[in-house]
Amino acid sequence: MALARFAPCPHCKTPLSYLEGVSGSTLTPTCPRCHGVVSVSRATFLMVDNSRPSETASSEDFKSMP
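Keep in mind it's a predicted model, so treat the numbers as computed, not measured. (Residues numbered from 1 in each chain as written. Predicted model: local features only at pLDDT ≥ 70, side-chain atom pairs only at ≥ 80, totals over all residues. Heavy atoms only, no water.)

The next thing to look at is the side chain of Thr14. Here Thr14 lies in the loop between strand 1 (3-8) and strand 2 (15-20). Among all residues touching Thr14, those that are not within four sequence positions of it are Ala7, Pro8, Cys9, Arg33 and Val48. (Helix = DSSP H or I, 4+ residues; strand = E, 2+ residues; numbered from the N terminus. Contact = heavy atoms within 4.5 Å.)

Structure follows, in structure tokens:
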């Protein structure tokens, strides 16, 4: 069974989706943005999480959007 969790990269703080038990999982996944190896206890596939606004984005960024 596949599991997912959401957490930042420990190196660059990019929001990531940690997908466990999916095709392409490895015990030494790398961050797609900074390419740093992320320490995990189960075989994991990492993806940048674009489903939510970043924590660094201000509310002003969204007010200026059309």
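The next thing to look at is the packing of aromatic side chains. According to the stated counting rule, one finds 0 aromatic pairs in the structure shown. Across from the ring centre of Tyr18, 4.1 Å away, lies the NZ or CZ of Arg5, which sits over that ring. (Phe/Tyr/Trp six-rings, centres within 6.5 Å; stacked < 30°, edge-to-face > 60°. Lys NZ or Arg CZ within 6 Å of the ring centre and 35° of its normal.)

Positionally, Met47 belongs in strand 3 (residues 44-48). Here Met47 falls in the partly exposed class, since its relative accessible area comes to 38%. Each C-alpha atom of the pair Met47 and Leu16 lies 5.6 Å from the other, and the pair is 31 residues apart in sequence. Those residues in contact with Met47 that sit more than four places away from it in its chain are Pro15, Leu16, Ser17, Leu19 and Pro32. (Buried < 20%, exposed > 50% of the residue type's maximum accessible area, 1.4 Å probe, protein only.)

One open sheet holds the 3 strands; their spatial order is 1-2-3, and the pairing between them is antiparallel. Each having just a single partner strand, strand 1 and strand 3 make up the two edges of the open sheet. Mean inter-strand twist for the sheet, computed between neighbouring axes without regard to direction, equals 25 degrees. Pairing of strand 1 with strand 2 involves 6 bridges; the strand directions are antiparallel. Across the sheet, residue Ala7 finds its bridge partner in strand 2, namely Leu16. (Pairing = 2+ DSSP bridges. Axes fitted to C-alpha atoms, helices over the stretch in contact; angles between N-to-C directions.)

This part covers the nonpolar core. Judged by nonpolar contacts, Cys9, Leu16, Tyr18, Cys31, Val38, Val40 and Leu46 together constitute the single largest core of 7 residues. The residues contacting Leu16, other than those within four sequence positions of it, are Arg5, Phe6, Ala7, Pro8, Cys9, Cys31, Pro32, Leu46, Met47, Val48 and Asp49. (Core = buried A, V, L, I, M, F, W, Y, C linked by side-chain atoms within 4.5 Å.)

Quick look at the confidence of the model for the chain now. Chain-level pLDDT for the chain is 84 on average; 79% of the residues reach the 70-or-more range. Within the chain, the element-level pLDDT minimum falls on helix 1 (residues 59-63), averaging 47, and the maximum on strand 2, averaging 95. When the criterion is pLDDT under 50, residues 58-65 qualifies, and its contacts beyond four places in sequence or with other chains add up to 2 contacts. (pLDDT = per-residue confidence, 0-100.)

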